[in-house]
Every structure is written in C-alpha cells, then in structure tokens.
Amino acid sequence: MPDQISTPVTSAAAAAELQQLLLATENISEFLEELAVLTASVLPGEVFCGITVRRDHQPATVASSDTRASQVDEIQYGHDQGPCLTSLDTGVVVLIEDLADDDRWSAYRVPALAHGVRSSLSLPLRSDGKVLGALNIYATQPRAFGQHEQLAAGRFAEEASRALALAVRMAERTEMSQHLQNALASRAAIDQALGVVMGQNRCTADEAFDVLRAISQNRNVKLRDVAAEIITAVSGQPPATEARFS
C-alpha cells in the first residue's frame, strides 16, 4: 500500500488553477515556477517538482518547486541518465516505486537517494504530438505514487501540457512582434536616411536608395546600419531602436 493518504486532484480543478496562473503571471519563467510549485502542492505528502525541457539539444530545468528538485534533475543531466530524461526522450510515463530497490539508472541512484528521493513520477508534457518537456515529481517516501496519485498526476500533466503549449505560443507571438517592431524601426531609419541623401544630392528616392545600397555593398555593412550612421551624423542622435504601433 502507498505510504500516504491519496488525495485525488480533479482535472477541472487543475485546469482552473492553471488558467489562473496564466492570467496572473507576466512571463513564461514565472509561469513555470508557479506551475512547479502548484504541482508539488496538489499531491499529498512531501513531494518536490522540477520541469525539464531541452535547450539547444541539452536538458535543462526551467522551473522547480524548491532547490532539491533542481539538484536531483542536475544529477541526471550530469550522468546522462535518469527517469526524467527517459520520459523526455521516449515520451512515456516513468514510475519509480522505491529507488532503493530500482537499479535501472545506477549512476543516478546513489546520489538521488542521498538527496532524500525514494520514489518519483516523471510525465511527458506534449503538444501536437511533440514532447515539450517532462514534469518530474519526487517524493521522500517509497511507493508514494499509487494508482490514484498516478491518475491525478496524469490528468494534471495533460492540463499542464495545454497550458505550457499556450505559453510557448504566447512567447512565439511576442518574439514575432518584437521582430516586427525591429523591422519597422529599421524601415523608419532607412526612410529617414533616404530623405537626407535626397536633400544632399537633389535626387529621387530610387537614386538615393541606390546610393545607400552601394555604400552597404562596398563596406559590407547592413543597409540599416548605413542608414543609422547617416542619421547620427546629421542629427547627432542615433535613430530610435523601436517602432511603436499607434
């Protein structure tokens, strides 16, 4: 029998909590930290949680409920083995009932036990068929994740996957918006430089653009940087780095 009393978490309750998190947090990092803390708080007993993703093809803990979770995650990264990496790589749920009797990851086992880990549950976070990360839940008691806990954690991971996918899409849109702002700023600087060249050379816009392009090619400098130099030389101030939508 599990060493603790089961307290199932409903999918609706998890969804409501996650939606509230998305509304209350200002960025993905803060959201993931709150998500890790929430995961640890909704399951019974002494548990701690980390969230693993891949950055530049390397695993990294992007959030944790406390320092123990990130330390146990780092043990796995250092030895390139462990339950969370297995879940991240294979997209399957990985359960350790008692690490003292589990020898699947020998290099991970001893240092994890030294950090107080006796059982764990790693669940893939996926969207559109792709594994976005892994939700790693560690417990100080053996057999902490019985059937009820696994079902509850599974439902919670499904909702967490949806929320994480939404957060990623929000970040992508923010990045796209920033790229657009930068593009608009570059275009504005080029237009200003064209006006300067037209006034100095009494030429058309097309002829002024040919002048800027020739300078860019001859000096192997980007067109926007040439424009910025011209504007700075004339006005004494560099052009604005951002363009604002009205």
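First things first, this report covers the structure right here in the doc. (Residues numbered from 1 in each chain as written. Predicted model: local features only at pLDDT ≥ 70, side-chain atom pairs only at ≥ 80, totals over all residues. Heavy atoms only, no water.)

Once that is clear, we can look at unusual backbone geometry. At Asp 80, a residue that is not glycine, the phi angle is positive and equals roughly 55°. For Asp 80, the position within the fold is in the loop between α3 (67–79) and α4 (83–90). (Helix = DSSP H or I, 4+ residues; strand = E, 2+ residues; numbered from the N terminus.)

Of all seven residues making up strand β2 (residues 58–64), five are buried, and the element is well covered by its neighbours. Where strand β1 (residues 47–55) meets β2, six bridges bridge the pair, whose relative direction is antiparallel. Note that in β2 the partner of Arg 55 across the bridge is Gln 58. With antiparallel pairing between neighbouring strands as the criterion, β1 and β2 make up a hairpin whose turn holds two residues, including Asp 56 at a positive phi of roughly 55°. (Buried < 20%, exposed > 50% of the residue type's maximum accessible area, 1.4 Å probe, protein only. Pairing = 2+ DSSP bridges.)

Time to look at the packing of α3 against α4. One way to put it is that α3 packs onto α4 with a least axis distance of 8 Å and a crossing angle of 70°. Here α3 is positioned roughly perpendicular relative to α4, judged by the angle of their axes. Counted together, Asp 73, Gln 76 and Tyr 77 of α3 and Pro 83, Cys 84 and Leu 85 of α4 form the full contact between these two elements. (Axes fitted to C-alpha atoms, helices over the stretch in contact; angles between N-to-C directions. Parallel < 35°, antiparallel > 145°, perpendicular 65-115°, else oblique. Contact = heavy atoms within 4.5 Å.)

A few words on the environment of Thr 140. Structurally, Thr 140 can be placed in the loop between β5 (130–139) and α6 (147–201). The exposure class of Thr 140 is partly exposed, given its relative accessible area of 22%. Remark: the alpha-carbon pair of Thr 140 and Ser 119, spanning 21 residues in sequence, is separated by 6.7 Å. In this view, Thr 140 contacts Glu 46, Phe 48, Arg 68, Gly 116 and Arg 118; residues no more than four positions away in its chain are not counted. Polar side-chain contacts of Thr 140 include one of 3.2 Å to the side chain of Glu 46. Within the structure, Thr 140 has its side chain in polar contact with the side chain of Gln 141 (distance 3.4 Å). (Polar contact = N/O pair within 3.5 Å; in protein donor to acceptor, adjacent residues only side chain to side chain.)

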